[in-house]
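Chains, contacts and geometry: an overview
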Protein chains: 2
Amino acid sequence: MLKQALDFARGNQARFLNEYKALLRIPSISTLPERREDVRRAAEWLAEELRRLDVEQVDVVATSGHPIVYGEWLHAPGKPTLLVYGHYDVQPADPLNEWRSDPFEPTERDGNLYARGASDMKGALVAFLKAMESLRASGGLPVNLRFLLEGEEEIGSPSLPGFFSQYADRLKADAAINCDGEILRPDLPSITYALRGLAYFEVEVHGPKQDLHSGIFGGAVHNPAQVLCELIAGMHDADNRVTLPGFYDTVRALDADEREALARTPVTDDDWKSLAGVKALWGEKGYSSTERTGARPTLEVNGIVGGFTGEGAKTVLPARALAKISTRLVADQDPAAIREQLCAYMRAHAPETVTWDVRELSHGDGAIMDRNSSAMRAAVRALHETFGAEPIFTRDGGSVPVVAMMQKQLHVDSVMMGFRLPDDNIHAPNEKQHLPTWYKGIEAFIRYLMEYSS
Amino acid sequence: MLKQALDFARGNQARFLNEYKALLRIPSISTLPERREDVRRAAEWLAEELRRLDVEQVDVVATSGHPIVYGEWLHAPGKPTLLVYGHYDVQPADPLNEWRSDPFEPTERDGNLYARGASDMKGALVAFLKAMESLRASGGLPVNLRFLLEGEEEIGSPSLPGFFSQYADRLKADAAINCDGEILRPDLPSITYALRGLAYFEVEVHGPKQDLHSGIFGGAVHNPAQVLCELIAGMHDADNRVTLPGFYDTVRALDADEREALARTPVTDDDWKSLAGVKALWGEKGYSSTERTGARPTLEVNGIVGGFTGEGAKTVLPARALAKISTRLVADQDPAAIREQLCAYMRAHAPETVTWDVRELSHGDGAIMDRNSSAMRAAVRALHETFGAEPIFTRDGGSVPVVAMMQKQLHVDSVMMGFRLPDDNIHAPNEKQHLPTWYKGIEAFIRYLMEYSS
């Protein structure tokens, strides 16, 4: 059955690619209200695909936000049940002028497919469905599957907790496979076993009642853009540590064993520099780049805006300035505590001359996954066979809150298996998926389903 | 002749107002390339108005930017010649959503006329023309006039120096009247005798080659928005003094007499707070608000932008961040030196992890005017008669570079006479002109032309 399925996958690459492109053409940007209907179209596209594969109970479940696509295939008695997680929403595409081709018209260049969502994560989602299709066409499926495909991952998965409570019975599984993962290099598979949490805020500073003439009032009225800059500047100390009060109190320290294991990650500082396109690295004193991004919490300015930002010179003292500030969290930091710390920082440091707001936009817990479960061991074997190399375990600096939610609410541990590469430009212009790696991904999922059933 | 002219002006208020509104409807925003044709339309409107008043040699002179309107009326032999300066360009109107009525559809509310440019400075320009018209209709003009009306004041008057060199002969005058001034209150006339200079820059910080995923790279790559905030935060010290190296070296100190005179300005800290709409004032230690805005140099963040600034949460580490930073200068600071100081600051403080640019967008010198010239004494008398109160002398925090240019290139000193009020919201949403003060302005200009001739 394995050989037949692999042959089917290889023989249908061109068609599979076309179907992948069709999904990429739908601009399912979950954070933009004007894309609501597009997000829904992507959900319907996936539901139709599941029905075509004889998945049962397929439902596009309405939520207060974007819908969740559910489905099940439970015809492998005595075999384990796998909960398949993916998300079909994508990040915004701006700045649009930095894309070399239309973000929603997938374009092949040099073995890569360029489009928003190509790597994060419509690619892995379609790859998994194509693995299932290949097995179905070759004698059946060796495990039971339940599908949970959401459209709100990029905005913090706000509808999942409620969905998990309501649908707990239909989400029972022995393990989850989360296709939102990456591997280190096309010739070096890897499995993420730790994720950072996220707490994302808007911080707004209000000064004068309206924009003022900077000549008439400049020097006598505190400038809110300057105040915001001063507040942000104070959020890191000279060792590049975050200064929110209590920020590191609950951070789980790395022990010597884990530091040694992480030091073996074959990503050098030169690799980091080249991936980011910077001349020098930066970060918390006393830690390597791998530790800084994977095992240490951070605070980032995602965006800042205030005053006149058009072409030319407008001499204005702005009425307000706003920053989007997010923190990446590690075990055992609590996103709710971070909000309190940020407000405490603002209370302590914002001057009397201004007023301010802190608004939380999204949050999610970090997670650590069991490296020795049978589901994890099956993934190690499937990747080893597909890539001809032993996969290594890594910590990921990104946030996939659903992993912690499934642990806490469903008591199901996840295996992260995806075929994104570190230079895929996710959340950035010119996002791409390396197509040879994508084809290998389909084969790896086929092997995984076989391995997990045995 | 005086009484006749004043009667004519009073009898024609409704028509004068309509003509004022017609000029306000032209969105002559000099800094926006897409408004180029509108700026030109405003120039043509003024040229037509001058021709209607029998002004001779009227010309709309092309420059590399926006045109300069020239004209002359030299039929008062033996009388002094006045160079009439005004600008017909306006600031951008954004943020548009904060206007209570269309910025380019002048709207009367509570005795005020609301429109972009109503106060800065189409109001004073039209008022002067209507004073001339009233005198012409009442027996003639008692002085010689040359007109110089530019369309680039709001972008730093880049074409004036070349124009002054080329047209020096046609700009010969005994004094200039600059209508871009203000008075303190409707019942308290004042004359500005000092202006601040301006040097306006864009400072851009470049980090990674493109926006990065803040989870994957956050903590290992220096965030350019954070770097820009740190740099801006460092531009003021704990005493709110500007830290650019050498910034205060050439600042002319206030002597005790002038500090005492400025202390008599009847504008209290409560007035400043109420005008700005802030709960507390701010500024350089050791100086009053009047001194901080009129006699001390300052540095202002006019705008800042970087990363994701749309609705919602995008987890991005931005590739770059940009600030529009301007300094207001006092005698004897040199704008060219400020540019060097800003670059020196950046060289000393920008970290190795980023690159940066400093671009100058505009600059102009500050100026101090003679309070005892015959042209100035005529203005004092005209204002006293019109308002029934002795005008007081003030320093203005804003920049009108043409005053210094005329001093240096044409050897002509200016009298600033305008009828703007401090709460007119110039450069801000809901700019307005107080109409009773505008009608008084026409009368004051009539009286001024009579006084200056005698």
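Since this is a predicted model, take the numbers as computed values, not measurements. (Residues numbered from 1 in each chain as written. Chains lettered and ligands numbered in written order. Predicted model: local features only at pLDDT ≥ 70, side-chain atom pairs only at ≥ 80, totals over all residues.)

This next bit is on the interface of chain B and chain A. At the interface, 79 residues of chain B touch 81 residues of chain A. For the side of chain B that touches chain A, the element with the most residues is strand β11 (residues 298-307) of chain B, which contributes 9 residues. Residue classes in the side of chain B that touches chain A are distributed as 32 nonpolar, 33 polar and 14 charged. Alignment of strand β11 (residues 298-307) of chain A against β11(B), held across 5 bridges, turns out to be antiparallel. Bridge pairing in β11(B) places A:Gly306 opposite B:Ile304. (Contact = placed C-beta atoms within 7 Å. Helix = DSSP H or I, 4+ residues; strand = E, 2+ residues; numbered from the N terminus. Nonpolar A, V, L, I, M, F, W, Y, C, P; charged D, E, K, R; others polar. Pairing = 2+ DSSP bridges.)

What follows covers the confidence of the model for chain A. On average, residues of chain A score 95 in pLDDT, and 100% of them are at 70 or above. For this predicted complex, the interface score ipTM comes out at 0.80, while the overall pTM is 0.80. (pLDDT = per-residue confidence, 0-100.)

Another point: the domain arrangement of chain A. Residue and element names in this part refer to chain A. Assigned domains within chain A: domain 1 (2-195 + 366-453) and domain 2 (197-237 + 303-327 + 335-364). Taking the mean C-alpha position of each, domain 1 and domain 2 sit 38 Å from one another. Each partner contributes residues to the interface: domain 1 has 7 residues there, and domain 2 has 5 residues. The residue inventory of the side of domain 1 that touches domain 2, partitioned by class, reads 3 nonpolar, 4 polar and no charged. (Domains from an automatic or database assignment.)

This paragraph deals with the nonpolar core. In terms of nonpolar packing, the biggest core is built from 84 residues, with A:Phe128, A:Ala379, A:Ile446 and A:Leu449 touching the most fellow members. By residue number, the principal contributor to this core is helix α4 (residues 118-136) of chain A, which donates 11 residues. In this structure A:Ile446 touches A:Leu2, A:Ala5, A:Leu6, A:Ala9, A:Ala131, A:Ser134 and A:Leu135, once residues within four positions along its chain are discounted. Of all hydrophobic cores here, the second largest spans 83 residues; its members include B:Leu6, B:Leu125, B:Leu129 and B:Cys179. (Core = buried A, V, L, I, M, F, W, Y, C linked by C-beta atoms within 7 Å. Buried ≥ 20, exposed ≤ 12 C-beta atoms within 10 Å, placed from the backbone.)

Turning our eyes to something else, we now look at the relation of the copies chain B and chain A. After a rotation of 180° and a shift along the axis of 0.1 Å, chain B superposes on chain A with an RMSD of 0.1 Å. What we have between these two chains is a two-fold relation. With an isologous cut-off of 70% or more, the 100% of interface residues of chain B that recur at the interface of chain A puts this contact in the isologous class. (Least-squares fit on C-alpha atoms with pLDDT ≥ 70 in both.)

Residues and elements named next belong to chain B. For helix α2 (residues 13-24), built from 12 residues, the straight-helix expectation of 16 Å at 1.5 Å per residue is met to within 8% by its first-to-last C-alpha distance of 16 Å. Listed in full, the buried residues belonging to α2 are Phe16, Tyr20, Leu23 and Leu24. Along the long axis of α2, the arc covered by the buried residues comes to 105°, so they all point the same way. Residues of α2 that are exposed and point over 90 degrees away from its buried face: Ala14, Arg15 and Asn18. Tucked inside the fold, the buried residues of α2 contact α3 (36-52) and α4 (118-136). (Expected span 1.5 Å × (residues − 1). Arc of directions from axis to C-beta.)

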